[in-house]
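Architecture and fold: a report
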Amino acid sequence: MDGKNPISAGCSGDATTVKRSLIGTSSWTLGAVELRYSVKCHTAWARISLSEDVWGKAQIVRNSDGKSYNCSKLSYSSSLGTYTCYTAMVYDKDPLSAYGEGWSQYDNVSLHSKTPSY
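Residues numbered from 1 in each chain as written. Predicted model: local features only at pLDDT ≥ 70, side-chain atom pairs only at ≥ 80, totals over all residues. Heavy atoms only, no water.

**Re the overall build of the chain**
Looking only at helices and strands, the chain features zero helices and 10 strands. The linear arrangement of helices and strands in the chain, starting from the amino end, is β-β-β-β-β-β-β-β-β-β. When its C-alpha atoms are laid out on the principal axes, the chain stretches across 40 × 30 × 20 Å. Each of the 118 residues in the chain was classed as buried or not, and the buried ones make up 42%. Across the chain, the fraction of contacts at a sequence separation of at least 24, relative to all contacts at a separation of at least 6, is 55%. Carbon and sulfur atoms make up 46% of the accessible area of the chain, which totals about 6,100 Å². Counting 12 positive and 10 negative side-chain charges, the chain places the averaged centre of each group 6 Å from the other. (Helix = DSSP H or I, 4+ residues; strand = E, 2+ residues; numbered from the N terminus. Buried < 20%, exposed > 50% of the residue type's maximum accessible area, 1.4 Å probe, protein only. Contact = heavy atoms within 4.5 Å. Areas by Shrake-Rupley, 256 points an atom, 1.4 Å probe, with all protein chains shown as cover. Lys, Arg positive; Asp, Glu negative; His and termini not counted. Charge placed at Lys NZ, Arg CZ, Asp CG, Glu CD.)

**With respect to the state of the cysteines**
Tallying each qualifying case throughout the model produces two disulfides. The disulfide partner of Cys11 is Cys41, and the S-S distance across this bridge is 2.1 Å. Since a negative S-S torsion denotes a left-handed disulfide, the Cys11-Cys41 link at about -95° is left-handed. One end of the pair, Cys11, is in the segment before β1 (16-24); the other, Cys41, is in the loop between β2 (29-38) and β3 (43-50), with 30 residues separating them in the sequence. By relative accessible area, which is 0% here, Cys11 ends up buried. We classify Cys41 as buried; its relative accessible area is 9%. Between Cys71 and Cys85 runs a disulfide, and the two sulfur atoms are separated by 2.1 Å. On the sign convention where negative is left-handed, the bridge of Cys71 and Cys85, at about 80° about the S-S bond, is right-handed. (Disulfide = S-S within 2.5 Å.)

Here's what the structure looks like:
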């Protein structure tokens with residue numbers, strides 16, 4: 001399942017956000033990076049959601065071997081009401097774990113956030 005699209009692989013149907021980390025500063029939030037997980041497929045992927053149409057990047061990283069995938073082509077999601085993209089999946093069945101990271105830049109401020117592992 002490494003490298004597959006969660007939607008076309010049929011893994012997004014039961015997906016839940018298992019970890020979430022805000023992207024912003026102490027005084028404002030631009031969005032979040034989420035670690036999504038499918039119990040059916042035993043896979044994880046990262047999704048970034050930003051409230052503004054600015055550059056952003058999400059990455060999923062498997063802890064055991066550093067396998068990673070990223071996305072940086074954000075598009076507007078009417079169902080989420082944000083600009084978003086999601087990465088390809090990594091196989092993540094216990095004892096394996098992964099984390100998500102997100103980056104953006106707003107008004108020349110570089111932003112980064114990382115979820116806890118799951």
